[in-house]
Amino acid sequence: HPYLSPDELNQRFGPLAEFLSKQIDRKIVIRVGRSYQEHIDATGKNLIDIAYVGPLPYVKMVRKYGQKPLLVCQETKGRTSFRGAVLVREADNAQSLKDLGEGNFAFVDKNSTMGFLVPVYMLLSENPEMLQKARYQFLQSHENVVLGVLAGDFKAGAVKEEISELFLGKGLRELTKTIPVPEHLFVASSHLSSETVNDLRSAFLLLNLP
């Protein structure tokens, strides 16, 4: 799913694709979805052999298309959960979501876990006025949200904590963090043989060996 630019995603996932290719002796190429929804549909329709999906897209995909073989859950810094953050400019005086006043809000995509679902839940309880239609926008990627807040086009924006950490002290700060939720998953196409699925699981597990 296109949570970052295609160039950034190819750089991040290139080594993994190369490693898996060697382990199963089959060429693996990276495919970046045109949108979150397109990626959900392509995964559900078995147009992708190995799919990297977030918690919310996974739930939507299963509801519409049914279960896919689970390969592995992502683990980051020893955790199988992750968090998001709401960013504001460093000079902003807001100390909580309630303090955002008359500003507008930047989301990633309606199918993004930390770029929409979880922060919406927080806003509903702390500042529901921010969810009036004219006061928020979908910017399609976490990078765009960061740039939108940094440029002053938006009062605040929601991104994955992993992305927010890259920009802290560079004109932005975290207003608040989200609760942790289960991490992203790698799933396989239902059309892959059970032998290939098991080979892929074994290959992924090798990444955790010391």
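I will try to describe carefully the structure that is included in this document. These numbers come from a predicted model, not from an experiment.

What counts, and at which threshold
- Residue positions are counted from 1 within each chain, in the order its sequence is given.
- Reporting in this predicted model follows two pLDDT cut-offs: at least 70 for local features of residues, and 80 or more for side-chain atom pairs to be given and counted; totals over whole chains, interfaces and linings ignore these cut-offs and use all residues.
- Neither water nor hydrogens contribute to the side-chain values; these are computed over all heavy atoms in the structure.
- Burial classification: accessible surface area is computed with a 1.4 Å probe over protein chains only, and a residue below 20% of its type maximum counts as buried, one above 50% as exposed, and the rest as partly exposed.
- Starting at the N terminus, helices and strands are each numbered in turn, a helix being any DSSP run of H or I of at least four residues and a strand any DSSP run of E of at least two.
- DSSP-based pairing: two strands are paired if at least 2 bridges between them are found.
- For every element, the axis is a line fit to its C-alpha atoms; helices are fit only across the contacting stretch, and the angle between N-to-C directions ranges from 0 to 180 degrees.
- Whether two residues are in contact is decided by their heavy atoms, any of which lying within 4.5 Å being enough.

1. Concerning the pairing of strand β7 (residues 156–160)
Step number 1: Burial of β7 is extensive: five of the five residues sit out of reach of the surface.
Step number 2: Summarising the sheet, strand β4 (residues 84–89) and β7 pair through four bridges and their orientation is antiparallel. The residue bridging Val-86 from the neighbouring strand is Ala-158, located in β7.
Step number 3: Bridge count for strand β5 (residues 105–107) against β7 is two bridges, and the pairing is parallel. Looking across to β7, one finds that Ala-106 is bridged to Gly-157.

2. As for the sheet that holds strand β6 (residues 136–138)
Step number 1: With respect to topology, five strands assemble into an open sheet ordered β6-β5-β7-β4-β8, the strand pairing being mixed. In this open sheet, the two strands that pair with only one neighbour each are β6 and β8 (172–177). Averaged over neighbouring strand pairs, the angle between their axes works out to 30° when direction is ignored.
Step number 2: The strands touched by helix α4 (residues 113–126) are β4, β5, β6, β7 and β8; relative to β5, the strand with the most contacts, the crossing angle is about 140°.
Step number 3: Across the sheet, helix α5 (residues 142–150) is in contact with β4, β5, β7 and β8; its angle to β7 comes to roughly 150°.

3. Topic: unusual backbone geometry
Step number 1: For Lys-77, which is not glycine, the phi torsion reads 55° and is therefore positive.
Step number 2: Within the secondary structure, Lys-77 sits in the loop between β2 (70–73) and β3 (81–82).
Step number 3: Given a relative accessible area of 67%, Lys-77 falls into the exposed group.
Step number 4: Phi at Gln-140 is positive, roughly 80°, even though this residue is not glycine.
Step number 5: Gln-140 sits in the partly exposed class, given a relative accessible area of 41%.

From the geometry alone we can't say anything about function, so treat these as descriptive.
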